[in-house]
Structures are given as structure tokens and as C-alpha cells.
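Chains, contacts and geometry: an overview
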Amino acid sequence: MHGVTATASGPAELLHRLRARSGAAAQSPITHIEHVTARAGRVSAWPSWADAGVRDAFVRQGITAPWDHQADAATLAWQGTHVVLATGTASGKSLAYQLPALTTLAGDPKATVLYLSPTKALAADQLRGLTRLGLDGVRPATLDGDTPREEREWVRQHARFVLTNPDMLHHSLLPGHARWAVFFRRLSYVVIDECHAYRGVFGSHVAHVLRRLRRTAARYGSSPTFILASATSGDPAGSASRLTGVPVSAVTDDASPRGPVTFALWEPPLLPPSSPDRSSSAGTGLASRTAGADLAAGEEPLIRRSALRETADLLTDAVVAGTRTLAFIRSRRGAEVVATIARRSLDEAVPGLGDRVAAYRGGYLREDRRRIERALLSGELLGLASTNALELGVDLAGLDAVLICGWPGTRASLWQQAGRAGRAGGEALAVLIARDDPLDTYLVHHPEALFGRPVEATVLDPANPYVLGPQLCCAASEAPLTENDLALFGGAPALEAIRSLVEQGVLRRRPSGWYWTHRGRPDVDLRGTGGAPVSVVEAATGRLLGTVDQGSSHAMLHEGAVHLHQGVTYLVDELDLDDAIALVHQEEPDWTTQARDVTELSVVSVRSSVDAGPVGLFLGEVDVTNQVVSYQRRRLGSGEVIDTKPLDLPVRELRTVAVWFTVSPQALAAAGVEWADVPGALHAAEHAGIGLLPLIATCDRWDIGGLSTANHPDTEAPTVFVYDGHPGGAGFAERAYATAAEWLQATRSAIASCGCETGCPSCVQSPKCGNGNNPLDKPGAVQVLTTVLAALPPTTEPTHSHPAVPHPRA
Ligand SMILES: [Zn+2]
Ligand SMILES: [Zn+2]
């Protein structure tokens, strides 16, 4: 099989081999090669305002001068301008906030700084960096759930640079503000690291925690400057302003040096019918999921070679070529599978060669992880298949090549992973291997979306009433709310929420403000997703296998469902919704299950709309009711339907935010869509639209729901709805509305450019469809979207904006 002289060789050699391999295939799996050229760094002088002691401490660390972007952001912050630094991985964002913060601490012996990070690991990493600087009087300290009680006291009384997370701020510092009065009084800077992590419902909560922080600081007489660090994204200034509630300036021009990277985009080929790969991979779960459309008996579904298998083969080739390679795989089980296949192929070629590949994932013991890292750095190991456990806080660079199995979700993650390749200025190779999914397919065919200007923005929605109400309670429990606070919490919607809380008896109006009436503090979880998660328990042993969030539990854990957990298959015996428990037993059936559901949607109100002749575009509140009513058992591999079994599960209700478009039947007929094909065309457009939404907003397709219909009673037209899957909305539908032309253009292109004939998982089929992917009309979806795009203006300036006005038909 492979030539097996394991001589060390670089990325260029590896790419040559991969090309040779792909050249043999009828259609090359390499869809694009991008040469990201090396960039020389641009240095700036140390700003004149910087404290000499602080500057010398950095120089002692080997930082002789700041990069341009570090100096720019630091100076803005020093001048009191709120600033977000949105540059690449390893561009030295820490220095940009450390310089003004530490200079202030040096000049004012009472000043304090608060640093927030989304993970404990990152805060610990920052603490090490600060401690290394060896500056007197800074007294940096981390504060998190694990900090012992006595140490917390020390941090509160003495630390001047407190490194914590939004949860601690919410649960401990803000409610106990009186004890932290000295710290808040002298608060000069608030640093928000990795601020792109605050998105969706969690981000909306954090936005209010920061508003509470601003209010508390103001109470004690301080007005801190915010310094945010973000991965590169679309509209960093807008996202940062939304998060903090203050106007924020962005610094985005990365002046740090970087080595050359060759970036290849790779699409696994479609398997020919009756290929041996099909049957051999089906049983092991290695084929990508089977096409879900109802298939006539004997008809074979279209299968793409699985991204896992493709990654395993590339890893094998890399090891044979002597290239130090790290493969990123999204699931733990996937990482194990890739390592196993690669080891087996290598051992077949040269017994013993398989030992040079290992799997690495979160959940291993710390000492095992360190041992594996050392073996990779020393060259004892040549290939590692890893989950993204390496992404934060751990320093493992200096590899020749990185394989990324499936779009990691955001550009930030992509570059973080690709950034692991490249030794000291040397050339590096990165390969993105597409999974069988519309977004992955789109990206490997549209390199400009990856290598051009970013469009994906970090979205959140502080106006979500399900977030706003509880957060106002938290604020009121810290100090009574007054009229002056209304603007801080969003103005009119805040007043409306307060009135409703007064009606419920949760807040009480007194002359001096609105008071929290209860003795205890409000119980609000920033990461809450609505309802307790359902525990998956092995009935025979009582062992807890894991949890599934309540929103997905009906579809994933209904009685009779096949449930996969870390590579082991279980069958669900019973779903007890009252106790939030699913009892399961281990079994390896030769079928899979797919839930069927019925969704109804009604329009509550329209917030904003665009009237584009035969096409309408809307943003508004909707009520969604959903009921999982049955499930199908399908033969593994062939996808053949064995039977359909009814289920007795309650209806679930959700009030949320949706974006929707309507197309007149006349326009559809003019575009050549037969009336009988309209439901399938809309349904296919809906699936692909949901699949492509993460391109413009940092969300997961599982955060989003959809509904399409040839005639909706509230719109009286053929309509496609796409809604946020969280109560009150999370900002995703809103972003889709604001960038509708771009979003629908990408959706149309993803469908039109797919090589399949009638639709496949790479374009219009959805793994979460409650209708068994039926009906779906791929050509019709392209016609629908072409019609919509022809009518829609390129930018969506609403022609009508009517906030909170009830829709006449609701
Ligand atoms: Zn397709
Ligand atoms: Zn569907």
C-alpha cells in the first residue's frame, strides 16, 4: 500500500503525497489550496505613558517592543476609550490590556482590575503570565468555584488584579458587593477575554451581568474602562458594544508575524453504488449517516465517504511521510476511531508503526495527557487524533501539519486549530476535511468565506424577556431599581418587564424604587437552557451515563430510541419526564431510530419587515408548539424503514423570535415551480437555510428550528420560518434577518453546487427533520431562493419597523 520509509519530511512533501493520492481519483477531493503568505511583524515603540517598571518587566520576558495592534489598543484603553482587540490566535492580546492595567496599578496604589474569562484554564494561564512578570504590589489572584474560603477572604482584601469568570461575578461578587466595596470603588479596568464565547442565551445573560457590574461600580463611584479580547469575527465593535452596553472601538489590524501556511480544503468523494466501502463502513458507523429520505425498497441511498475515515487515511499518509501531525475531531469517539483506523493501516504496512499514533481527548488523566504531549513534541509519536481539548490554555505548537475533521463551528476555532501547525517561521500545512453537511460543503466550495473578510458575528439578545426579567430581579436584589437604571437595562422593554414582575409580586414599587420582595436571592443560572436536563441512567446498574438537555430529550430519548453514548449503543426502556430520567440498557440492534414530530407555529407580532413585491421578509415573535408523535426504525446501512411506532409525549410550547419569508404563488409559478412541488421546495430551502445560518451567526444548527408551508394562516402565502430554539430568542433569527440577502445567497449556492441529483445530507437533507426528510425538492428550492433573492434588496433596511405592535392576525 504505502511506501514506508519513515524519513522526516515537511508539509510540502506531505501535500505532494496527498495531491498524488487525490490525482488518481476521478474527481479530486481537494477543492481549493490557499497559500497564506508569511507576514512580517510591525513593531511600535513603547507608548510614552507606559510605566517604566512595567515596560522593563515585559522586556525581561523577551518582549522588546509591542506590535502595532497591541500599542494601538493599549493606548485607546489608557485614554479611557472602551476597546475590543479582535486579532488572530497568538497575536499577543494579553499585552494590550496588561500594559494599561498594570501601568494604572503602578501609578495608583489603590486601583484595582477585574479580569473575566469563560474558562478556569484560561484564567489560570493568565495568572501564570502575570506572576512571571514579577511586579510588586499587583497581587494577582484567581477566584473561582474551587477557591477555598480562607483564600477568598485574602483575594477580597488584598488582590488588586482579580481573575474570575462571569458566573462568580454573578453569584458572588455582585450580590456581596458591600463586602467588595473597596475593590469596586477603585475599579479602573474590566478585561473581558475571549469575549466571542459570550453568545446566544448565555451571552445575553452575561450582557446583563456586565450592566449590573457597571451599576454597582457607579454606586461606589467608579467608571471602569472595558478592554475586550476577541477572535477575528464580523462586526467585533458591534458585538462588544452589545455585550457591554457601552460604545466600543475595535482594533482589528493584526501586526504580529506569522509563518506561511498552505491550507487545503478537502471534500470526501461520493461512493459509487455497491462500493465495498459502503457495506464495511455501515456496520461500524463509519459511513456518514444514511440519507434519510424515504427510499423505495432496494434503492441505495447516496453516501459520501465519511470524514472520519478520510481523516484517518490522511493521518496514515502523514505518519508514513514522517510528518508530525495533529488531527482534530469533534467527538471523543471520533478521535478514538480515527486513531484506531490509522494504527491498523500502519501496522498492516509495517508491524509496529501503528505505535506512533495515539488518541488524545478530554477525560484522560492529566498525567496521561502530559505524557502524550511530550511524546509528540519529542517525535516519539508522529500522529495524534484529538478532540479540541487542546484548544485553550495548553501550549502545544511546533507541528508540521494539522488535519481538521469537519468545520469546527467558528472561524475562531478553525484558526486556533490550524495555528497549532508551523515551527518557528517554518512552512505549515492545514487541511479542512468536510463532513456530510450543507455548511461544510459550502465552505470547501467557497474559500472566500474562510479566507476573506469574516461575516460570522457573535450574536446575543439582551432584550430576551426570559433573560431580562430574571436579571432585573438579580439587579433589584443587589440594590433597588430606580428610573435612572432603566436606560442601562434597555429602556422600554425593561420598564415593561419590571411592571410584569410587580404584577407577579416578585418586585414591589416603593417611592425610592423597585424592591426585590423575597428573603433569598433570585436563583438564576447564566448557562441555563430552560428546564432540568434529563439524566440517562443504565437501568441494570443505576450508572449515570450522561445528560441530554430537556429541549432535545423528547426526540432523542423517547421509549425505544437508539441512544449512542461514547461509542456504546443503548436502547431507551422508559422516559420519565416528571423525574427527568431516561432508563436505558445496552444492546446492539441492527436499526437506528428517528423521531417524527408535528410542529405548529403562529405569529404573535411583527417587529420589522421588508416589503419586496412578491416577496416579504419578516422578523417577529412566534409561538411554536411541537409534539414528538412517533418514531421510525430504519435498517442500519440501507436506511430501509422497518416500521413506525406511535409515542405518547406531551406538547411542548415555545415563545421565541423568528425570521420568515413569503413568496407569492404567482411568483413561484413564474419561476417554474409546479404547485404540487411547492411544499418540497420550501422544505428543502428551510433545511439548507438552517444548515447555513452558522455562517453568519455563531450558532449551531441544533440551536435553530424551522417550519415551511405552502400556505400559512398568518401570512396567507407560501412561507419559510426559521426560529431560535430558546425561549425568548437568542439573537440568531435577528442576525439572519439583518443579513438575509447574504444568508439566502449562501443557502442557494450550497444547494445549487451540490453534486447530488435529488438532495443529500450535504445540501437539503437534515439529520433532525421531524418529517423524515419528506417531501424535499432540491431543484425547486433553488428556484424559490432565486425568486426571493431577485426581489430582495441587497441590504435589509426595513421598510416598516413596528416594535411590539401586535400583528393584526395574531
Ligand atoms: Zn446534495
Ligand atoms: Zn424537515
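If you're wondering where the values come from, they're calculated on a predicted model, not measured in any experiment.

Conventions adopted
- Residues numbered from 1 in each chain as written.
- Chains lettered and ligands numbered in written order.
- Predicted model: local features only at pLDDT ≥ 70, side-chain atom pairs only at ≥ 80, totals over all residues.
- Heavy atoms only, no water.
- Donors = N, O, S within 2.8 Å, 3.2 Å for Na, K, Ca; no water.
- Helix = DSSP H or I, 4+ residues; strand = E, 2+ residues; numbered from the N terminus.
- Buried < 20%, exposed > 50% of the residue type's maximum accessible area, 1.4 Å probe, protein only.
- Phe/Tyr/Trp six-rings, centres within 6.5 Å; stacked < 30°, edge-to-face > 60°.
- Lys NZ or Arg CZ within 6 Å of the ring centre and 35° of its normal.
- Contact = heavy atoms within 4.5 Å.
- Patch = residues over 30% accessible without salt bridge, like charges linked within 9 Å, V, L, I, M, F, W, Y side chains within 5 Å.
- Areas by Shrake-Rupley, 256 points an atom, 1.4 Å probe, with all protein chains shown as cover.
- Salt bridge = Lys/Arg side-chain N within 4 Å of Asp/Glu carboxyl O.
- Lys, Arg positive; Asp, Glu negative; His and termini not counted.
- Charge placed at Lys NZ, Arg CZ, Asp CG, Glu CD.
- Pairing = 2+ DSSP bridges.
- Axes fitted to C-alpha atoms, helices over the stretch in contact; angles between N-to-C directions.
- Tetrahedral: all angles 85-135°; square planar, octahedral: opposite > 155°, others 65-115°.

1. Digging into the coordination of the zinc ion (ligand 2)
In the first shell of the zinc ion (ligand 2), the protein supplies H683 (NE2), H687 (NE2) and C769 (SG), at 2.0 to 2.3 Å from the metal. The sequence motif formed by the donor residues of the zinc ion (ligand 2) is H-x3-H-x81-C. Taken together, the positions of H683 and H687, both in helix α22 (residues 678-692) and four residues apart, correspond to about one turn of that helix. On the accessibility criterion, H683 (6% relative accessible area) is buried. Residue H687 is classed as buried on the basis of its relative accessible area, which comes to 4%.

2. Things to note about unusual backbone geometry
Between N774 and P775 the backbone carries a cis peptide bond, its omega angle lying at -5°. Within the secondary structure, P775 sits in the loop between α24 (740-752) and α25 (778-791). Here E194, not a glycine, exhibits a phi torsion of approximately 50°, which is positive. Inspection of the secondary structure assignment puts E194 in the loop between β6 (187-192) and α9 (200-219). In this structure E194 comes out as buried when scored by relative accessible area, which is 15%.

3. Here we look at the packing of aromatic side chains
Applying the stated rule across the entire model yields twelve aromatic pairs. Ring centres of W660 and F721 lie 5.4 Å apart, and the angle between their planes is 35°; this geometry places the pair in the tilted category. With a gap of 61 residues between them, W660 in strand β25 (residues 652-663) and F721 in strand β27 (residues 719-724) connect regions that are remote in the sequence. Exposure class is identical for W660 and F721. Each is buried. Within the aromatic cluster, the residues linked to one another by ring pairs are W180, F183, F184 and Y220. Note that R510 overlies the ring of Y515, its terminal NZ or CZ placed 4.7 Å from the centroid.

4. Things to note about the side chain of T787
Mapping T787 onto the fold places it in helix α25. Setting aside residues up to four positions removed in sequence, T787 forms contacts with V615, V663, A667 and A671.

5. Observations concerning a negative patch on the surface
Judged by side-chain charge, E559, D573, E574, E587 and E588 come together as a negatively charged surface patch. Exposure remark for E588: the relative accessible area of 62% places this residue in the exposed category.

6. A look at the sheet that holds strand β2 (residues 83-86)
If you trace the seven strands from one edge of the open sheet to the other, you get β4-β5-β3-β6-β7-β2-β8, paired in parallel fashion. A strand with exactly one partner marks an edge of an open sheet, and here the two such strands are β4 (140-142) and β8 (249-251). Taken over all neighbouring pairs, the strand axes of this sheet differ in orientation by 20° on average, direction set aside. Pairing analysis gives four bridges linking strand β3 (residues 112-116) to strand β5 (residues 161-164), with the strands arranged parallel. Residue pairing across strands places L114 opposite V162, the latter belonging to β5. The sheet contacts of helix α4 (residues 93-107) involve β2, β3, β5, β6 and β7 (225-230), and relative to β6 the element is tilted by about 170°.

7. Topic: the coordination of the zinc ion (ligand 1)
Around the zinc ion (ligand 1), the donor atoms from the protein are C754 (SG), C756 (SG), C760 (SG) and C763 (SG), and they sit 2.2 to 2.4 Å away. Here the zinc ion (ligand 1) is ringed by four donor atoms whose angles at the metal span 100 to 116°, and the overall shape comes out tetrahedral. Read in sequence order, the donor residues coordinating the zinc ion (ligand 1) give the pattern C-x1-C-x3-C-x2-C. The exposure class assigned to C754 is buried, which follows from its relative accessible area of 7%.

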